[in-house]
Protein chains: 2
Amino acid sequence: MMRTRPLKVALLGCGVVGSEVARIMATHADDLTARIGAPVELAGIAVRRPGRARAGVPAELITTDATALVKRGDIDVVIEVIGGIEPARSLITTAFEHGASVVSANKALLAEDGAALHAAAEERGADLYYEAAVAGAIPLVRPLRESLAGDTVNRVLGIVNGTTNFILDKMDSSGAGYSEALDEATALGYAEADPTADVEGFDAAAKAAILAGIAFHTRVRLDDVHREGLTEVTASDIASAKRMGCTVKLLAICERAGDGRSVTARVHPAMIPLTHPLASVREAYNAVFVEAEAAGQLMFYGPGAGGPPTASAVLGDLVAACRNKLAGTTGPGESAYTRLPVSPMGEVVTRYHISLDVADKPGVLAQVAQVFAEHGVSIDTVRQQGKDGEASLVVVTHRAPDAALSATVETLRQLDTVRGVASIMRVEGE
Amino acid sequence: MMRTRPLKVALLGCGVVGSEVARIMATHADDLTARIGAPVELAGIAVRRPGRARAGVPAELITTDATALVKRGDIDVVIEVIGGIEPARSLITTAFEHGASVVSANKALLAEDGAALHAAAEERGADLYYEAAVAGAIPLVRPLRESLAGDTVNRVLGIVNGTTNFILDKMDSSGAGYSEALDEATALGYAEADPTADVEGFDAAAKAAILAGIAFHTRVRLDDVHREGLTEVTASDIASAKRMGCTVKLLAICERAGDGRSVTARVHPAMIPLTHPLASVREAYNAVFVEAEAAGQLMFYGPGAGGPPTASAVLGDLVAACRNKLAGTTGPGESAYTRLPVSPMGEVVTRYHISLDVADKPGVLAQVAQVFAEHGVSIDTVRQQGKDGEASLVVVTHRAPDAALSATVETLRQLDTVRGVASIMRVEGE
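All residue numbers here refer to positions counted from 1 along the written sequence of the relevant chain. Chain labels run from A onward and ligand labels from 1 onward, assigned in the order the entries are written. Totals for whole chains, interfaces and linings use every residue, but because this is a predicted model, local features are given only for residues with pLDDT of at least 70 and side-chain atom pairs only at 80 or more, for both listing and counting. To get the side-chain values, all heavy atoms of the structure are used, and hydrogens and water are removed first.

By the naming in an unreviewed UniProt entry, chain A is Homoserine dehydrogenase, taken from Streptomyces zagrosensis. Checking UniProt for chain A, the heading Cofactor (unreviewed entry) contains the comment "a metal cation". Under the Function (unreviewed entry) heading, UniProt states for chain A: "Catalyzes the conversion of L-aspartate-beta-semialdehyde (L-Asa) to L-homoserine (L-Hse), the third step in the biosynthesis of threonine and methionine from aspartate." UniProt positions are given in the numbering used here, feature names are shortened, and annotations may be inferred rather than shown by experiment.

*Asks:* Mind showing me how you'd approach the UniProt feature "active site" (unreviewed entry) in chain A here?
*Replies:* Residue and element names in this part refer to chain A. UniProt's feature table lists "active site" (unreviewed entry) at K207, given in the numbering used throughout. The way it works is that DSSP assigns letters per residue, a run of H or I at least four long becomes a helix, a run of E at least two long becomes a strand, and they are numbered from the N terminus. Structurally, the position occupied by K207 is in helix α10 (residues 202-216). Apart from the residues within four sequence positions on either side, K207 is in contact with K107, A133, V134, A135, V160 and N161. Polar side-chain contacts of K207 include one of 2.7 Å to the backbone oxygen of V160. Any two residues whose heavy atoms approach within 4.5 Å are treated as being in contact. Any pair of nitrogen or oxygen atoms within 3.5 Å is treated as a polar contact; in protein, a donor-acceptor pairing is required on top of that, and neighbouring residues in sequence qualify only through side-chain atoms on both sides.

*Asks:* So what exactly am I meant to see when it comes to helix α14 (residues 402-414) of chain B here?
*Replies:* Along an α-helix, residues three or four positions apart point the same way, because every turn accommodates 3.6 residues. Residue and element names in this part refer to chain B. Working rule for helices: expected span equals 1.5 Å times residues minus one. When the terminal C-alpha atoms of α14 are compared, their 19 Å separation across 13 residues agrees well with the 18 Å that a helix rising 1.5 Å per residue should span. Among all positions of α14, only D402, A404, L405, T408, V409 and L412 are buried. For α14, the angular spread of the buried residues around the axis is 165°, confining them to a single face. Residues of α14 that are buried make contact with β13 (349-359), α13 (364-374), β15 (390-397), β16 (400-401) and β17 (418-427). When accessible area is computed with a 1.4 Å probe and restricted to protein chains, residues below 20% of their type maximum are described as buried, those above 50% as exposed, and intermediate ones as partly exposed. Within this analysis, the arc is defined by the directions that extend from the helix axis to the C-beta atoms.

*Asks:* Would you mind showing me how to read the relation of the copies chain B and chain A here?
*Replies:* Put simply, the second copy of the chain is the first one after a rotation about an axis and a shift along it. Copy-to-copy superposition: least squares on the C-alpha atoms, limited to residues that have pLDDT of at least 70 in both copies. Turning chain B through 180° and shifting it by 0.0 Å along the axis lays it on chain A, with an RMSD of 0.1 Å. Seen this way, the second copy is the image of the first under a two-fold rotation axis. The C-alpha atom lying nearest the rotation axis in chain B is that of F300 of chain B; the distance is 2.4 Å. Taken together, the interface assignments show that 100% of the residues at the interface of chain B recur at the interface of chain A, consistent with an identical surface on both copies.

*Asks:* I'm lost on the domain arrangement of chain A in this one. Help?
*Replies:* Accessible area lost when the parts come together is the quantity often used to give the size of an interface. Residues and elements named next belong to chain A. Segmentation of the chain into domains, including their bounds, is taken from an automatic or database domain assignment. Each assigned domain of chain A is listed with its residue range as follows: domain 1 (7-136 + 307-327), domain 2 (141-302) and domain 3 (345-427). At the junction of the two partners, domain 2 supplies 15 residues and domain 3 supplies 12 residues. The buried area of a pairing is the accessible area, by a 1.4 Å probe, that goes missing from both parts when the two are put together, added over both. Both sides of the domain 2 and domain 3 interface together cover about 1,200 Å² of buried area, and 62% of this is carbon and sulfur. The salt bridge criterion pairs a side-chain nitrogen of Lys or Arg with a carboxyl oxygen of Asp or Glu, the two atoms within 4 Å. Where domain 2 touches domain 3, the interface holds one salt bridge. Residues E228 and R426 are paired through a salt bridge, measuring 2.9 Å at the closest nitrogen-oxygen approach. Elements with a minimum of two residues in the side of domain 2 that touches domain 3: α11 (235-243), β9 (246-256) and β10 (263-273). When residues of the side of domain 2 that touches domain 3 are assigned to their parent elements, the largest contribution, six residues, is made by β10. Its residues assigned to classes, the side of domain 2 that touches domain 3 shows six nonpolar, four polar and five charged. Just so you know the grouping, Ala, Val, Leu, Ile, Met, Phe, Trp, Tyr, Cys and Pro go in nonpolar, Asp, Glu, Lys and Arg go in charged, and all remaining residues, Gly too, go in polar.

*Asks:* For this particular structure, what's the right way to read the interface of chain B and chain A?
*Replies:* Between chain B and chain A, the contact holds 44 residues from the first and 44 residues from the second. Across the interface of chain B and chain A, roughly 3,700 Å² is buried in total on both sides, 55% from carbon and sulfur atoms. Where chain B packs against chain A, one counts two salt bridges. Between R142 of chain B and E146 of chain A there is a salt bridge; the shortest N-O distance is 3.8 Å. Along the contact surface separating chain B from chain A lie 20 residue pairs in polar contact (both at pLDDT 80 or more). Broken down by secondary-structure element, the contributors of at least two residues to the side of chain B that touches chain A are α2 (29-36), α6 (141-147), β12 (296-303) and α12 (307-327) of chain B. Considering each element in turn, the side of chain B that touches chain A owes the most residues, eight residues, to α12 of chain B. By residue class, the composition of the side of chain B that touches chain A is 24 nonpolar, 11 polar and nine charged.

*Asks:* Help me out: how do you make sense of the pairing of strand β11 (residues 285-292) of chain A in this one?
*Replies:* On a regular strand, one side chain projects to one face of the sheet and the next to the other, so that they alternate. All names here are of chain A. For β11, the tally of buried residues reaches six of eight residues, placing the bulk of the element in the interior. Note on pairing: two strands pair once DSSP finds at least 2 bridges between them. Both strand β7 (residues 153-159) and β11 contribute to a ladder of six bridges, which runs antiparallel. By the bridge assignment, R155 is partnered in β11 with E291. Bridging between β11 and strand β12 (residues 296-303) involves eight bridges; their strand directions are antiparallel. Bridge pairing links V290 to L298 in β12. Between the antiparallel neighbours β11 and β12 lie three residues.

Written out as structure tokens, the structure reads:
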């Protein structure tokens, strides 16, 4: 049964992930051969800077001409770990045109253009796998696409960005402010020099788009995902969360709307109870809850980034793509048959935790409560604190549409007795 | 592309799981059609007691002749949710002979005879899927077989039996003894009338055999798994665990031995630190840690049993088997190429927590310590407690081969000054 002609693999990108993929392919060649049913060999590695030292990576395979590599015609599988939209998109499309299947770790590209890439793969009878694009080594794409293919997923709720979880964990454990925690994350290599993609939530939003699309069998793009980063989260927010028995996490939340006819996808900081399993996800770990009709609540936990974990996910997909090549078949393609529309954030039903600085005089609470009532928002708890002539009011609402909650806050801002809105945070996971 | 002739499914067994499978196939027919690429229909349901009322299950499909059903020749996929060795084994074999793929939830059969069943499937070009056999709805078999196919798994450690976790959780939270907690589990439907398979660890051992085989790409049978149930666990053991900052869980542990040339698989009660994520797995939930070279530590958590969760796993496999049928291919078969032998329990390296009732006189501790030293077992901590002329010694060891630890205990039992060995429990998860 064992085929002797090796399957040929082109590797696009040889940074932290790519070099680890090359290393494992070399050190575990026999295992990969046994698991695939044929030998697999690296036929070329495209990089931008060929001079850079890459320990354990065969120098003779290095090329700067990625396009020529994917056009060779004898490549069975292209692994794309460059990231970003271009040239990754053109290279993947060219790979399909030349008969290769593709394994990608590119969350931004998948979230932006997944439908077109899936269509290109299907047209050429090729596979497009991307387990590494969401939550690193944690199997999520395959379980959602395949293990839960007979179930109905209603909710995906998770921590899918390690950098921001590290920052929030530091803020929670040490009482540090955002910039101090970010500095520590940068010093330890958890945050990049330009942390925008992480701290503004772009990375998590791309993952939310991918997860929502797969979970609900529809198309969700990055632009469909409501996105708030964590740069506005203060030490005082974290302290408020603690007083409520909560902690603050940057969550990606994908939900089927109540009537089942639309979905929502969002990324924002939120308070979750300390008793929720996601509350104990520390440092740069990721964890994702999946709620399905029959399966109930499942959780997947593990390292969400880093060279070896991401390489593990890439190599799992490589084995699958190679097996399919040998069998002359492909794995499951895009499943977007439900065509469920994505509802705007205003229709999401959630709870708010609002801190107001108010004048310390009688009647303020009544006035504030009236504003909530006018917007149809029911109040769960109110806590008043006096501090030197001023007072603060902390209001936690019951569940209401986000639009009603945010209109309430807008009206509160206009009250003379409200000196300022110190913080607004959603409360999830209850 | 959509095929109109439906794929035909035979369902063997219509108890808690089977009736849920039938129900979901009926209520979610359109979703299954879209996800598979062709309609799928129940062609027959084999049961032992046809007279029993089964809400929502089409009466005209019920038959008592399971053999005739799998021999019909037009069945694409057989779902086996009967459990037990026979007649399940013969029916599955007959199903393969007649061209069907099989989805099974049968842990006992897979652990006893998985290799032969895989061989029968391969010979006929059929699929054998069994996600539901391990930890209910939690995707574990597919992630291990496919997502981690490019990685090297070194350890699988988990809670894979909900009944025993419910019992231990009750003992831990209420201080109840084993029988009292078992009674509660029975009353609430978490334990069967004859709880032997669960409380003696047979169920968990079957799952450990399946997981070890998949994780290490070798063959592990039920007989290879060292098995201790929880019937000997006392309220006092749980209290001792608490004093150590631990709790007691019935764990399934599959490990690659230090030199990588053998594996071990075992099921026994063990103390684990409260800080370990498995410690917070409550009630009848399951959770499994997987440690892989590149991926690092992953955890999978969810409901490990019950009709709907098990049906979710069955239906995910059904979709995969049907897709493969349409594509004229099969999924990954058995991977047992490493042929790693299974080492006996004596070679497992672990730690012991031992409670001794000893004479309350000088020199006893020295004498006991000498026994440990003679067996090459290093002591981590000793705690002495006096009670009315008697004394108890609690010894926690460092890591040592299980054979040395158990020989130590045998020698201790023979000391005049040792009145009894009150409890022995392994300590894991550190």
